[in-house]
Amino acid sequence: MRFKVDENIHGEAAVWLRHQGHDALSVREQNHSGSPDARLAAVCRHENRILITQDLDFANIVAYPPEDYPGIVVLRLNDQSWKSAKLALSKLLPVLQLNSDEGQLWIVDESSMRVRRGDAAS
């Protein structure tokens with residue numbers, strides 16, 4: 001799978017995802033730090049990458065309709081350490097691979113995963 005890791009996720013995430021066999025780039029690696037959300041969303045769409053972020057703005061389906069993007073994962077973790085993010089991603093990856101349809105918004109916390117399919121995926 002192809003991922004873009006937002007700057008608000010620990011820097012190890014993209015490296016770890018690559019070690020898991022995925023094509024992952026971070027916002028920092030591509031010098032997009034500080035880019036507006038709309039710009040980041042456009043880059044993800046252009047590169048056909050699933051965005052992994054902690055930015056709740058991306059959970060707004062009016063501003064970022066899931067069907068318009070390869071996928072959006074919003075981590076809502078109480079503990080925002082790399083250990084907690086890695087655990088959440090470890091649980092999410094197998095589920096994403098089984099449900100790899102584009103146009104989905106995933107909200108992930110320590111104990112659950114919710115998916116919102118876009119209109120095109122419904």
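Keep in mind the model is a prediction, meaning the values are calculated, not measured.

Q: Give me the lowdown on the overall build of the protein chain, citing residues and values where you can.
A: The helix and strand tally for the protein chain stands at 3 helices and 6 strands. Counted from the first residue to the last, the protein chain has its helices and strands arranged as β-α-β-α-β-β-α-β-β. Against the compact-globule benchmark of 14 Å for 122 residues, the protein chain has a radius of gyration of 13 Å, which places it among compact chains. For the protein chain, the C-alpha atoms occupy an extent of roughly 35 × 30 × 25 Å along the three principal directions. Split into buried and exposed, the 122 residues of the protein chain put 44% on the buried side. Of all intrachain contacts in the protein chain linking residues separated by at least 6 positions in sequence, the fraction that spans at least 24 positions is 50%. Surface summary for the protein chain: the accessible area is close to 6,300 Å², and the carbon and sulfur share equals 48%. The protein chain carries 14 positive and 17 negative side-chain charges, and their two centres are separated by 4 Å.

Thresholds, definitions, all that
- The residue numbering used here restarts from 1 in each chain and proceeds along that chain's sequence as written.
- The predicted nature of this model means local features are confined to residues of pLDDT at least 70 and side-chain atom pairs, given and counted, to a pLDDT of 80 or more, with totals for whole chains, interfaces and linings taken over all residues.
- Just so you know, side-chain values use all the structure's heavy atoms and leave hydrogens and water out.
- Numbering goes from the N terminus for both helices and strands, where a helix is a DSSP run of H or I of at least four residues and a strand is a run of E of at least two.
- Note that the radius of gyration is over C-alpha atoms, with the globule rule given as 2.2 Å times the number of residues to the power 0.38.
- Only protein chains enter the area calculation, which uses a 1.4 Å probe; residues under 20% of their type maximum are buried, those over 50% are exposed, and those in between are partly exposed.
- Contacts are assigned to residue pairs with any non-hydrogen atoms lying within 4.5 Å of each other.
- With residues, only the protein chains shown are counted as cover, and all accessible areas are computed by Shrake-Rupley using a 1.4 Å probe.
- Charge counting follows a simple rule: Lys and Arg are positive, Asp and Glu are negative, and His as well as the terminal groups are ignored.
- Note on charges: their place is set at NZ of Lys, CZ of Arg, CG of Asp or CD of Glu.

The values reported here are purely geometric and, on their own, carry no functional implication.
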